[in-house]
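The primary structure of each chain is shown beneath.
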Amino acid sequence: FDEGNAATQGKYNYNNVKRWSKRVPGKDLFKLDKIFFPVNAGGVHWCCAVVFMAEKRIQFYDSLGGGGMTYLRGLFQYLKDEHKAKKGCPLPDEDKWELVTCTEDTPFQQNGMFCDDD
């Protein structure tokens with residue numbers, strides 16, 4: 001997930017990402033337990049967002065400590081759009097979903113150059 005493939009003129013656009021579920025078994029991502037999204041932050045750093053379907057939670061993980069709320073909102077909008085497109089109705093319990101920014105217990109990268117601890 002990054003601004004380049006999800007956005008048109010800097011704004012989220014479902015048409016740019018609706019093909020994402022094409023390779024999901026059964027083409028129904030709502031039957032999955034977890035969905036992992038690699039996130040390219042600013043074109044220079046990779047993070048991860050995980051959708052926990054049963055818990056109705058999307059959580060952002062960043063080894064540099066970035067919050068990720070912009071990405072969380074974009075992914076939540078994607079889930080809502082995908083549900084509407086594939087199921088023909090709004091995402092159930094939309095108001096029960098939790099967007100969790102990077103937490104303090106996420107392992108932190110000690111520098112901006114290396115992604116391992118050597």
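From a predicted model like this one, the values you see are computed outputs, not experimental measurements. (Residues numbered from 1 in each chain as written. Predicted model: local features only at pLDDT ≥ 70, side-chain atom pairs only at ≥ 80, totals over all residues. Heavy atoms only, no water.)

A. Up close: the environment of Cys89. Relative to the assigned elements, Cys89 resides in the loop between α2 (69-87) and β6 (98-100). Those residues within four positions of Cys89 in sequence are excluded, and the remaining contacts are His83 and Lys84. (Helix = DSSP H or I, 4+ residues; strand = E, 2+ residues; numbered from the N terminus. Contact = heavy atoms within 4.5 Å.)

B. The arrangement of the nonpolar core in detail. Ranked by internal contacts, the top residues of the largest apolar core, which has 24 residues, are Leu29, Val51, Ile58, Phe60, Leu79 and Trp97. At the level of elements, β3 (34-41), β4 (45-52), β5 (57-61) and α2 are the ones that each hand at least two residues to this core. Broken down by element, this core gets its largest block of residues, six residues, from α2. Contacts of Ile58, omitting those with residues within four sequence positions, involve Val50, Val51, Leu72, Leu75, Phe76, Leu79, Trp97, Glu98, Leu99 and Val100. (Core = buried A, V, L, I, M, F, W, Y, C linked by side-chain atoms within 4.5 Å. Buried < 20%, exposed > 50% of the residue type's maximum accessible area, 1.4 Å probe, protein only.)

C. Layout of the sheet that holds β4. Strands sit in the order β3-β4-β5-β6 across an open sheet of four strands; the sheet is mixed. What marks the edges here is a single partner per strand, and that holds for β3 and β6. Within the sheet, the average angular offset between the axes of one strand and its neighbour, ignoring direction, is 15°. In this sheet, β6 lies alongside β5 in parallel orientation, the contact comprising three bridges. (Pairing = 2+ DSSP bridges. Axes fitted to C-alpha atoms, helices over the stretch in contact; angles between N-to-C directions.)

D. Seen up close, the environment of Thr103. The residue Thr103 is located in the segment after β6 in this model. By relative accessible area, which is 26% here, Thr103 ends up partly exposed. Taking C-alpha positions, Thr103 is 8.9 Å from Gln59, a pair spaced 44 residues apart along the chain.

E. Broad picture of the environment of Asp62. Considering the arrangement of structural elements, one finds Asp62 in the loop between β5 and α2. For Asp62, a relative accessible area of 7% puts it in the buried group. For Asp62 and Val39, which are 23 residues apart along the polypeptide, the C-alpha to C-alpha distance reads 9.3 Å. Among the polar contacts made by the side chain of Asp62, one reaches the side chain of His45 at a distance of 2.6 Å. A polar contact is formed between the side chain of Asp62 and the backbone nitrogen of Leu64, at a distance of 2.8 Å. (Polar contact = N/O pair within 3.5 Å; in protein donor to acceptor, adjacent residues only side chain to side chain.)

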